[in-house]
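One-letter residues, chain by chain:
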Amino acid sequence: MNLFLFDDDTVPLPPVTTSQAVQRVLSVFDALARGLGPAPPVRLRCREDVLMDAKAVDERVRAGERMSLVGILVAAPEVPVVAERLVQAGAVVAGHTVPGAPSPGSEVRLETLSKLDALLVTEPPASCRGVVGFVPTRGLLPASGSGITTVLARDAAVAQRVAAAVTGPDPRTTSAGFSRHWPDSVRLSAGEHPRIAVPDRAFLAELGRVEAARLAATADTLRVAGASTHEVELHGAGGLCRKRAAVALGDHDALLLPLGTGLCSLTRLATRLDTAAVLLPTRDGGGVGLLAQPFDDQVVLDLAGLLTGSQASTPYPDVGVRLIAFGSYLRGQPRAADLERVGARFTGFATTSRHYRLLLIEQDPPQAGVVPANLPSEGGPLVGEEWLLSPAALGEFVARLPSPMRLGTVELADGTSAPAILCDPSVAERSVDLTAWECWRAYLRHLSAVRPVAARAAS
């Protein structure tokens with residue numbers, strides 16, 4: 001009997017609930033109590049302190065704050081700026097990774113990431129059974145000169161999100177030697193058909209049978225996904241191998257490599273060359289790696305997405321400019337290659353307000369243009385594609401726009417506005433109006449249906 005309730009107390013007490021971050025912490029420490037603890041490279045914090053941090057995250061969520069790492073438990077080196085950025089993004093720092101571990105010659109203990117979501121460590125491991133590793137371009141992470149260089153996670157999307165949360169120089173240090181910013185010309189995508197360099201047969205012959213088969217199977221998967229692969233010579237002494245790898249990266253979007261401790265393994269080259277890299281698990285319990293030029297981080301992350309099926313919703317660089325494309329600049333159309341050539345990234349579809357017209361400006365091959373409508377009754381909502389590209393890439397792309405195309409601004413159906421590929425309004429008088437189709441692809445489907453019928457009628 002509850003003596004503290006009165007007869008007129010009709011409002012029920014709220015249920016006791018445990019939210020996401022707190023529940024994750026409780027499950028981890030419960031597993032630790034059963035002897036399922038993390039690997040030695042992780043030193044856990046006090047349970048009560050971690051729970052307090054988790055409760056603070058849950059309070060921020062209830063207050064309506066949006067954070068990119070809510071519910072993520074991480075272990076990171078004791079670098080103040082890293083911990084602060086992780087907490088700001090909604091992560092809970094459950095422990096600290098010991099500097100220098102895992103070393104290039106050690107393996108990542110899978111049981112660590114069966115309880116935690118990500119580890120920030122100082123060196124890429126030589127093996128990654130069941131674990132994805134992301135090695136951002138040196139200098140992007142605040143302690144990459146003498147601290148963290150690698151983010152390990154159970155999937156590539158989490159690794160990317162954790163890296164993005166801590167990216168940026170440490171404002172409290174006066175040393176700028178290892179602090180770098182995204183260049184204005186950074187590529188945000190390798191396009192639909194990336195060029196991948198793969199080791200030649202002589203290099204594969206020096207590997208074990210299992211490692212060689214692992215690389216061959218990965219190359220096959222990349223080709224099925226649309227990539228083109230090209231054999232390159234890699235074998236040789238350490239210095240020669242590094243030079244050959246650097247040359248291969250100059251002509252390709254990425255280089256496929258084995259992991260391990262060999263002179264030409266990804267683990268070794270990633271610590272000796274200025275690159276970005278990903279380490280990916282394979283079905284046989286081993287792993288492979290992909291190496292790319294510095295600041296091509298999103299390129300290797302996209303390739304990781306092709307191979308693992310895990311892809312973050314936003315690109316890693318934060319320097320992108322929106323561009324709305326129509327007509328021949330849509331994916332699969334002849335001029336889409338112009339966008340891919342400058343590293344533009346397709347991010348989704350976009351619909352304009354009812355103030356624009358779609359015109360057929362050329363018949364053979366058919367080509368479309370978009371112009372503002374003189375009257376609202378003349379226009380309609382048009383479907384285009386949204387691309388993201390760096391500021392320098394936008395300038396390069398616009399400089400090569402053929403007449404009568406030009407850069408303009410469109411108002412979108414959601415009330416926002418964005419730069420767009422438009423057409424000179426002077427061509428409207430001699431063009432066919434296609435606004436009723438609302439989408440260039442819809443008109444092309446119409447053409448593909450009526451042309452065979454017209455051909456049969458003419459015969």
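Residues numbered from 1 in each chain as written. Predicted model: local features only at pLDDT ≥ 70, side-chain atom pairs only at ≥ 80, totals over all residues. Heavy atoms only, no water.

Draft legend 1. Quick peek at the sheet that holds strand S10 (residues 276-281). If you walk across this open sheet you meet the eleven strands as S1-S3-S2-S4-S6-S5-S10-S11-S9-S7-S8, and the pairing is mixed. Every interior strand has two partners, whereas the edge strands, strand S1 (42-44) and strand S8 (228-232), have only one. Each neighbouring strand pair of the sheet contributes to a mean axis angle of 25°, computed without reference to strand direction. Those strands touched by helix H10 (residues 297-308) are strand S5 (132-135), strand S7 (195-199), strand S9 (254-258), S10 and strand S11 (287-292), and its axis lies near 15° from that of S10. (Pairing = 2+ DSSP bridges. Helix = DSSP H or I, 4+ residues; strand = E, 2+ residues; numbered from the N terminus. Axes fitted to C-alpha atoms, helices over the stretch in contact; angles between N-to-C directions. Contact = heavy atoms within 4.5 Å.)

Draft legend 2. Representation of the packing of helix H3 (residues 80-88) against helix H5 (residues 156-166) within the structure. Between H3 and H5, the least distance of the axes is 8 Å, while the angle of their chain directions is 115°. For the crossing formed where H3 meets H5, the hand is right-handed. Contact residues: H3 offers Val-82, Arg-85 and Leu-86, while H5 offers Val-162, Ala-165 and Val-166. Grouping the amino acids of the contact of H3 with H5 by side-chain chemistry returns five nonpolar, no polar and one charged. (Left-handed = near helix turned anticlockwise from the far one by under 90°. Nonpolar A, V, L, I, M, F, W, Y, C, P; charged D, E, K, R; others polar.)

Draft legend 3. Broad picture of the packing of aromatic side chains. Throughout the structure, instances matching the rule amount to eight aromatic pairs. Relative to Tyr-443, the ring of Trp-437 lies with its centre 5.9 Å away and its plane at 70°, an arrangement referred to as edge-to-face. Given the relative accessible area of 36%, Trp-437 is considered partly exposed. Across the ring face of Phe-346, the terminal group of Arg-331 is positioned such that the distance to the ring centre comes to 3.6 Å. (Phe/Tyr/Trp six-rings, centres within 6.5 Å; stacked < 30°, edge-to-face > 60°. Buried < 20%, exposed > 50% of the residue type's maximum accessible area, 1.4 Å probe, protein only. Lys NZ or Arg CZ within 6 Å of the ring centre and 35° of its normal.)

Draft legend 4. Geometry of the state of the cysteines. Applying the stated criterion across every chain yields a total of one disulfide. In this model Cys-241 forms its disulfide with Cys-264; the gap between the sulfur atoms is 1.7 Å. The sign of the 85° torsion about the S-S bond sets the Cys-241-Cys-264 disulfide as right-handed. Here Cys-241, found in helix H8 (residues 238-251), pairs with Cys-264, found in the loop between S9 and helix H9 (266-270); they are 23 residues apart in sequence, far enough to count as distant. (Disulfide = S-S within 2.5 Å.)

Draft legend 5. Seen up close, the confidence of the model for the protein chain. Scored by pLDDT, the protein chain has a mean of 85; 85% of the residues are at 70 or more. This model gives residues 1-18 a pLDDT under 50, and the stretch forms three contacts once residues within four places in sequence are excluded. When the criterion is pLDDT under 50, residues 453-459 qualifies, and its contacts beyond four places in sequence or with other chains add up to zero contacts. (pLDDT = per-residue confidence, 0-100.)

Draft legend 6. Main features of the sheet that holds strand S19 (residues 432-433). Strand order across the open sheet formed by three strands is S15-S14-S19, with antiparallel pairing between neighbours. With partners counted over all chains shown, the strands left at the sheet margins are strand S15 (366-372) and S19, one partner each. Here strand S14 (residues 356-363) runs beside S19; their pairing, made up of two bridges, is antiparallel. If you follow Leu-360 over to S19, its bridge partner there is Val-432.

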